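A structural walkthrough
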Protein chains: 2
Amino acid sequence: MDKFKDCVIFLLAKAYQKAHGTFKKRLTGYGLTPIQHLILEVLWDEDGLSARTISERLVLDPATLSGVLERMVSGGWIFKHPDPEDKRTLRICLSDKGVSLKPKLTTERDQANQECLDGLTMEEKVLLKRLLRDVSYTK
Amino acid sequence: MDKFKDCVIFLLAKAYQKAHGTFKKRLTGYGLTPIQHLILEVLWDEDGLSARTISERLVLDPATLSGVLERMVSGGWIFKHPDPEDKRTLRICLSDKGVSLKPKLTTERDQANQECLDGLTMEEKVLLKRLLRDVSYTK
DNA sequence: TATAAATCCTTCGTATGCCAACTAATTGGA
DNA sequence: TCCAATTAGTTGGCATACGAAGGATTTATA
């Protein structure tokens with residue numbers, strides 16, 4: 001692995017792999033995946049968004065989102081309501097389950113985040129997040 | 001996205017997404033993917049490794065690797081040689097194509113890495129890589 | 001030495017993830 | 001107003017990813 005210590009693409013892949021795996025394990029008991037959790041977070045912030053808007057907020061391909069939303073409907077987390085104003089648009093709405101599990105799921109996310117940053121000092125944590133934002137948002 | 005500015009899992013996912021996409025674009029002309037390129041790098045370092053060893057060096061599930069290797073055989077990048085000493089083991093060997101494209105592909109990787117870190121100062125680049133290693137390798 | 005345990009790889013199932021192409025619906029412009 | 005361009009979402013194709021289970025082989029042990 002030393003071979004890749006300067007390859008930021010590899011390092012990002014592995015750090016992401018680790019973080020994703022950590023969160024995934026915490027969520028299995030809920031029948032939820034990390035990406036599905038992320039969608040819930042967007043909806044907790046603002047319910048009834050269109051699929052398009054969710055895909056923009058999460059920087060996720062609409063084609064990817066389509067399948068995820070379908071599985072979340074099957075899992076009883078959300079509903080799809082056709083928009084009466086614009087028949088092309090779907091309004092994605094939280095189910096009772098999706099609303100009521102917010103506190104527990106938010107805790108899981110916070111703990112997973114802490115777990116991922118376990119070995120870092122407070123300054124390093126802040127710095128890492130800043131640098132990751134820079135990498136993501138550049139151009 | 002502001003909503004996720006403190007969620008390192010999200011930030012890692014998006015930074016990885018960006019880096020992966022950047023590298024992927026550079027490789028499409030070669031008919032190669034980022035993960036396949038990574039496997040070539042391991043083999044450039046030491047040819048004839050077993051699939052098991054490759055999966056360990058890249059921290060990649062053997063089940064995932066199996067399919068990737070098969071596609072790399074189809075693409076003419078590698079060969080699979082059964083090990084005469086141990087019939088369970090496959091020795092993965094570079095093809096002429098896999099060997100001869102090393103210089104060009106290495107350049108592409110280097111440029112992709114630079115591109116990903118474009119907005120950062122030299123200090124930040126070093127720091128980011130160090131922090132990512134810490135995140136990955138912390139048990 | 002016969003059998004249990006471990007190892008190597010593959011296959012299956014499920015879930016991202018993206019691109020390209022497609023349908024349906026809406027909007028814009030001549 | 002009518003048709004072209006745009007927009008929303010889905011589908012199909014391909015490529016990771018991982019867990020679980022299975023087949024073939026090798027090793028360890030009773």
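Being a predicted model, the structure only gives us computed values, none of them experimental. (Residues numbered from 1 in each chain as written. Chains lettered and ligands numbered in written order. Predicted model: local features only at pLDDT ≥ 70, side-chain atom pairs only at ≥ 80, totals over all residues. Heavy atoms only, no water.)

1. As for the sheet that holds strand 3 (residues 90-94) of chain B
All names here are of chain B. Taking strand neighbours across the sheet as the criterion, the three strands line up as 1-3-2 in an open arrangement whose pairing is antiparallel. Two strands close off the open sheet at either side, each with one partner strand: strand 1 (49-50) and strand 2 (78-82). Bridge count for strand 2 against strand 3 is five bridges, and the pairing is antiparallel. Residue pairing in the sheet places Pro82 in a bridge with Leu90 of strand 3. Packing of helix 2 (residues 34-45) onto the sheet brings it into contact with strand 1, strand 2 and strand 3, and relative to strand 3 it is tilted by some 90°. Where helix 4 (residues 62-74) meets the sheet, its contacts fall on strand 2 and strand 3, and the angle it forms with strand 2 comes to roughly 115°. (Pairing = 2+ DSSP bridges. Helix = DSSP H or I, 4+ residues; strand = E, 2+ residues; numbered from the N terminus. Contact = heavy atoms within 4.5 Å. Axes fitted to C-alpha atoms, helices over the stretch in contact; angles between N-to-C directions.)

2. A look at the domain arrangement of chain A
All names here are of chain A. Entries for chain A in the domain assignment read domain 1 (1-30 + 101-139) and domain 2 (34-98). Just the C-alpha atoms count here: the centres of domain 1 and domain 2 sit 24 Å apart. Contact with domain 1, which involves ten residues of that partner, is made by eight residues of domain 2. With both sides pooled, the region where domain 1 packs onto domain 2 buries about 830 Å², and carbon together with sulfur makes up 70% of that total. (Domains from an automatic or database assignment. Buried area = accessible area lost by both parts, 1.4 Å probe.)

3. Section: the protein's contact with DNA strand D
Around DNA strand D sit 24 residues, and of these A:Gln17, A:Arg52, A:Ser66, A:Arg88 and B:Ile35 come closest. A share of 77% is what sugar and phosphate atoms reach among the atoms of DNA strand D within 4 Å of the protein. In this structure, a phosphate oxygen belonging to DNA strand D sits 2.7 Å away from a side-chain N or O atom of A:Ser66. Within the side chain of A:Arg88, one N or O atom sits 2.7 Å away from a base oxygen of DNA strand D. Elements represented by at least two residues in the surface near DNA strand D include exactly helix 3 (51-57) and helix 4 (62-74) of chain A together with helix 2 and helix 4 of chain B. In the surface near DNA strand D, the residues fall into nine nonpolar, seven polar and eight charged. (Near = heavy atom within 4 Å. Polar contact = N/O pair within 3.5 Å; in protein donor to acceptor, adjacent residues only side chain to side chain. Nonpolar A, V, L, I, M, F, W, Y, C, P; charged D, E, K, R; others polar.)

4. Here's the deal with the sheet that holds strand 2 (residues 78-82) of chain A
Residues and elements named next belong to chain A. An order of 1-3-2 is seen for the three strands of this open sheet, with the pairing classed as antiparallel. Each end of this open sheet is capped by a strand with a single partner; those strands are strand 1 (49-50) and strand 2. Sheet analysis places strand 1 next to strand 3 (residues 90-94), joined by two bridges and oriented antiparallel. Paired with Leu49 across the two strands is Ile92, which belongs to strand 3.

5. Some thoughts on the pattern of salt bridges
Going through the model one piece at a time under the given rule, you end up with 26 salt bridges over all chains. Across the pair B:Asp6 and A:Lys129 runs a salt bridge, and its minimum N-O distance is 3.6 Å. Pair noted here: B:Asp6 is in the segment before helix 1 (8-27) and A:Lys129 is in helix 7 (residues 122-137), and the two residues belong to different chains. A residue is classified by how much of its surface remains accessible, and B:Asp6, at 47% relative accessible area, is partly exposed. With a shortest N-O distance of 3.1 Å, B:Glu108 and B:Arg26 are connected by a salt bridge. (Salt bridge = Lys/Arg side-chain N within 4 Å of Asp/Glu carboxyl O. Buried < 20%, exposed > 50% of the residue type's maximum accessible area, 1.4 Å probe, protein only.)

6. Examining the protein's contact with DNA strand C
Around DNA strand C lies a shell of 25 residues, among which A:Ile35, B:Gln17, B:Arg52, B:Ser66 and B:Arg88 are the nearest. Within 4 Å of the protein, the contacting atoms of DNA strand C are drawn from sugar and phosphate to the extent of 74%. Separating a phosphate oxygen of DNA strand C from a backbone N or O atom of A:Lys87 is a distance of 3.0 Å. The contact in question runs from a base oxygen of DNA strand C to an N or O atom on the side chain of B:Arg88, over 2.7 Å. Every element with two or more residues in the surface near DNA strand C is listed here: helix 2 (34-45) and helix 4 of chain A together with helix 3 (51-57) and helix 4 of chain B.

7. Topic: helix 1 of chain B
Taking 1.5 Å of rise per residue, 20 residues should cover 28 Å, and helix 1 of chain B covers 28 Å from first to last C-alpha, within 8% of that figure. The complete set of buried residues in helix 1 of chain B reads B:Val8, B:Ile9, B:Phe10, B:Leu11, B:Leu12, B:Ala13, B:Lys14, B:Ala15, B:Ala19, B:Thr22, B:Phe23 and B:Leu27. (Expected span 1.5 Å × (residues − 1).)

8. Looking at the interface of chain B and chain A
A common way to report how large an interface is uses the accessible area buried once the components associate. At the junction of the two partners, chain B supplies 48 residues and chain A supplies 48 residues. Summed over both partners, the interface of chain B with chain A buries about 5,000 Å², with 71% contributed by carbon and sulfur atoms. Seen at the junction of chain B and chain A, the total is four salt bridges. The closest approach of N and O atoms between A:Arg130 and B:Glu124, which form a salt bridge, is 2.9 Å.

9. A word on the layout of surface pockets
Considering only enclosed or pocket space, the largest pocket measures out at about 780 Å³ in volume. Surrounding the largest pocket, 33 residues form its lining, A:Tyr16, A:Gln17, A:His20, B:Ala13 and B:Tyr16 being those nearest its centre. Listing elements by their share of the lining of the largest pocket, those giving two or more residues are helix 1 (8-27), helix 2 and helix 4 of chain A together with helix 1, helix 2 and helix 4 of chain B. The residue inventory of the lining of the largest pocket, partitioned by class, reads 24 nonpolar, seven polar and two charged. Here the second largest pocket defines a volume of roughly 280 Å³. Lining the second largest pocket are eleven residues, with B:Gln17, B:Lys18, B:Gly21, B:Thr22 and B:Lys25 sitting closest to its centre. When contributions to the lining of the second largest pocket are tallied by element, the ones reaching two or more residues are helix 7 of chain A together with helix 1 of chain B. No other element matches the six residues that helix 1 of chain B contributes to the lining of the second largest pocket. For the lining of the second largest pocket, the class distribution of residues is three nonpolar, four polar and four charged. (1 Å grid on protein atoms, 1.4 Å probe; cavity = no way out; pocket = protein on both sides within 12 Å on 5 of 7 lines; lining within 4 Å. Points joined across faces, edges and corners; volume = space filled by probe spheres on them.)

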